[in-house]
Amino acid sequence: NYNRAGTQTVEPVSYYHLTLSGSGAKTMTSVTAIDGDLVLSGSATASTPAALAVVGNVTLSGTTTLTLGNTLTVNGALDVGSGTTFTVPGFNISVAGATSVSGTLTHSSTTGTKTYTGGVTINSGGLWNETVAAAISFGGGLTNNGTFTASTGVHTFTGTSKTMDGANAILIASVTVTGTYANSG
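Residues numbered from 1 in each chain as written. Predicted model: local features only at pLDDT ≥ 70, side-chain atom pairs only at ≥ 80, totals over all residues. Heavy atoms only, no water.

Draft legend 1. Local environment of the overall build of the protein chain. Within the protein chain, the regular secondary structure consists of 0 helices and 25 strands. Against the compact-globule benchmark of 16 Å for 185 residues, the protein chain has a radius of gyration of 16 Å, which places it among compact chains. If you line up the protein chain on its principal axes, its C-alpha atoms span 45 × 25 × 25 Å. Counting only residues that meet the buried cut, the protein chain has 41% of its 185 residues in that class. Sequence-distant contacts, at least 24 apart, represent 10% of the contacts inside the protein chain between residues at least 6 apart. Of the roughly 7,400 Å² of accessible surface on the protein chain, 52% is carried by carbon and sulfur atoms. (Helix = DSSP H or I, 4+ residues; strand = E, 2+ residues; numbered from the N terminus. Rg over C-alpha atoms; globule rule 2.2 N^0.38 Å. Buried < 20%, exposed > 50% of the residue type's maximum accessible area, 1.4 Å probe, protein only. Contact = heavy atoms within 4.5 Å. Areas by Shrake-Rupley, 256 points an atom, 1.4 Å probe, with all protein chains shown as cover.)

Put into structure tokens, the structure is as follows:
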């Protein structure tokens, strides 16, 4: 657990679970694999300069900010908690489990693949924001109970027997469906 106030460099060793908390910048210079969960809490900020594979879940809470500096592969779930910010710039991201957004998730580059295999839920107060025309692939359902701001990039839906629903509209300018989806919204 890296929980000290101020700047900390995360040691490049094997981690089962890694928690970055407290305040200040936490730099994961050469961390490439976490065999369990990655948890950010408090007001810590973190960046990932090396490609990172997380076997478990990635959870952001408090007012943390996580910015990708390289590829991120999450085999579990991604939880962007209320008050947090997760920025996906020009790198690959792949989330196998469910994605829950109660804070802000921003896609800020067209470079890199963006793949969400599990269901994506934007919760009340959550913001999914695409500031560029990024191509994004969804393999699960899409529920919008918050704010879903899609770009003009192609959004590909590949799931079977999935739904698009929620309390708020889902407006996407360019959609390709290769699976089966029901629009229940």
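Draft legend 2. Spatial organisation of the sheet that holds strand β9 (residues 65–68). Pairing in this open sheet of 8 strands is parallel, and the strands run β1-β3-β6-β9-β12-β15-β18-β21 from one edge to the other. Each of the sheet's edge strands pairs with one partner strand only, and the pair in question is β1 (8–9) and β21 (147–149). Here β1 pairs with strand β3 (residues 23–27) via 2 bridges, running parallel. Each residue of the ladder has a partner; that of Thr9, found in β3, is Thr27. (Pairing = 2+ DSSP bridges.)

Draft legend 3. Fine view of the nonpolar core. One finds Leu38, Phe86, Tyr116 and Trp128 to be the most contacted residues of the largest nonpolar core, which totals 40 residues. Not counting residues within four places of it along the chain, the set of residues in contact with Phe86 comprises Leu60, Leu66, Leu68, Leu72, Leu78, Val80, Ile93, Thr104, Leu105 and Thr106. (Core = buried A, V, L, I, M, F, W, Y, C linked by side-chain atoms within 4.5 Å.)

Draft legend 4. Fine view of the packing of aromatic side chains. What the rule picks out here adds up to 7 aromatic pairs. When the ring of Trp128 is compared with that of Phe148, the centres are 5.8 Å apart and the planes differ by 25°; the resulting orientation is stacked. Of the two residues, Trp128 sits in strand β18 (residues 127–130) while Phe148 sits in strand β21, which places them 20 residues apart along the sequence. Residue Trp128 is classed as buried on the basis of its relative accessible area, which comes to 0%. Between the aromatic rings of Phe138 and Phe157, the centroid separation amounts to 4.8 Å while the plane-to-plane angle is 10°, which identifies the pairing as stacked. Note that Phe138 is positioned in strand β19 (residues 136–138) and Phe157 in strand β22 (residues 154–157), a separation of 19 residues in sequence. (Phe/Tyr/Trp six-rings, centres within 6.5 Å; stacked < 30°, edge-to-face > 60°.)

Draft legend 5. Quick peek at the side chain of Lys26. Its location among the elements puts Lys26 in strand β3. Buried within the structure, Lys26 lacks any salt-bridge partner; Glu11 is the closest side chain of opposite charge, at an N-O distance of 13 Å. In this structure the side chain of Lys26 is engaged in a polar contact, spanning 2.7 Å, whose partner is the side chain of Gln8. Within polar-contact distance, the side chain of Lys26 engages the backbone oxygen of Ser21 at 3.4 Å. (Lys, Arg positive; Asp, Glu negative; His and termini not counted. Salt bridge = Lys/Arg side-chain N within 4 Å of Asp/Glu carboxyl O. Polar contact = N/O pair within 3.5 Å; in protein donor to acceptor, adjacent residues only side chain to side chain.)

Draft legend 6. Inspection of the pairing of strand β6 (residues 43–48) at higher detail. Residue alternation in β6 divides its side chains into a buried set, Ala44, Ala46 and Thr48, and an unburied set, Ser43, Thr45 and Ser47. Note: β6 against β9, 4 bridges, orientation parallel. Bridge pairing in β9 links Thr45 to Thr65.

Draft legend 7. Looking closely at the environment of Gly97. By secondary structure assignment, the location of Gly97 is in the loop between β13 (93–95) and β14 (99–101). Placed 58 residues apart in sequence, Gly97 and His155 show a C-alpha to C-alpha distance of 18 Å. Leaving out residues up to four positions away in the same chain, Gly97 has contacts with Asn75, Gly76, Ala77 and Gly118.

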